[in-house]
Amino acid sequence: MAEENYMDRFSNPEEFIRQQILAKGNFSSLDKKEMYRLIRVYNIEFQIHTSGLAYTKKQDMLDALLKKISYRELARYVNVSKQSFCMKFGITDDEFKILVEKGLIHPTNAYMSLKHCGTGDAKWSQWSGYNVYDYFNLSTDEIKSVLQSY
């Protein structure tokens, strides 16, 4: 059975960005504190919940931000995995590296995490996230053209 590409659930970058920002997970670096900071920076009228930021709905904060910030600007807080690109375009890791080197796919963030902590030989794992608009806007023909000319 073929592995499912998580990104196939989304029809456009905006849908993915919104879902990732509102989801409780590791694929968005836009938390409530950062959202509130942006609201203040952009001088957006917004009232946090009377009990504090913890009780303020993230969706309300995002909707307020979208009055002055575009999804494209918010894309820097969201990442697409290398695996998703490889699955969508049917390319290998080496071909993916070529596309990054050629500037077709842009890294957005790099992360470090510990692996195998309980075994006594902990190792660092490094991975990068990539631009969501590259994922949705690149075509298979563009990918093939660059790889053929390499």
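Just so you know, these numbers come straight off a predicted model, no measurement behind them. (Residues numbered from 1 in each chain as written. Predicted model: local features only at pLDDT ≥ 70, side-chain atom pairs only at ≥ 80, totals over all residues. Heavy atoms only, no water.)

*Asks:* How do you make sense of helix H6 (residues 93-101) when you look at a structure like this?
*Replies:* An α-helix turns once per 3.6 residues; consequently, residues spaced three or four apart project the same way. Turning to H6, its buried residues are Phe96, Ile98 and Leu99. Here the buried residues of H6 occupy an arc of 155 degrees about the axis, which is enough to place them on one side. The exposed set on the far side of H6, more than 90 degrees from its buried face, consists of Asp94, Lys97 and Glu101. (Buried < 20%, exposed > 50% of the residue type's maximum accessible area, 1.4 Å probe, protein only. Helix = DSSP H or I, 4+ residues; strand = E, 2+ residues; numbered from the N terminus. Arc of directions from axis to C-beta.)

*Asks:* Got a minute to help me understand the pattern of salt bridges in this structure?
*Replies:* Charged atoms that come close allow side chains of opposite charge to pair. Using the criterion set out here, one finds four salt bridges in the structure. Here Glu34 and Arg37 are joined by a salt bridge, their closest N and O atoms 2.8 Å apart. Of this pair, Glu34 and Arg37 both sit in helix H2 (residues 32-41), three residues apart, which is roughly one turn of that helix. On the basis of relative accessible area, Glu34 is assigned to the buried category, the value being 18%. Between Asp93 and Lys82 there is a salt bridge, and its shortest N-O distance comes to 3.8 Å. Of the two residues, Asp93 sits in helix H6 while Lys82 sits in helix H5 (residues 82-89), which places them 11 residues apart along the sequence. Given the relative accessible area of 41%, Asp93 is considered partly exposed. (Salt bridge = Lys/Arg side-chain N within 4 Å of Asp/Glu carboxyl O.)

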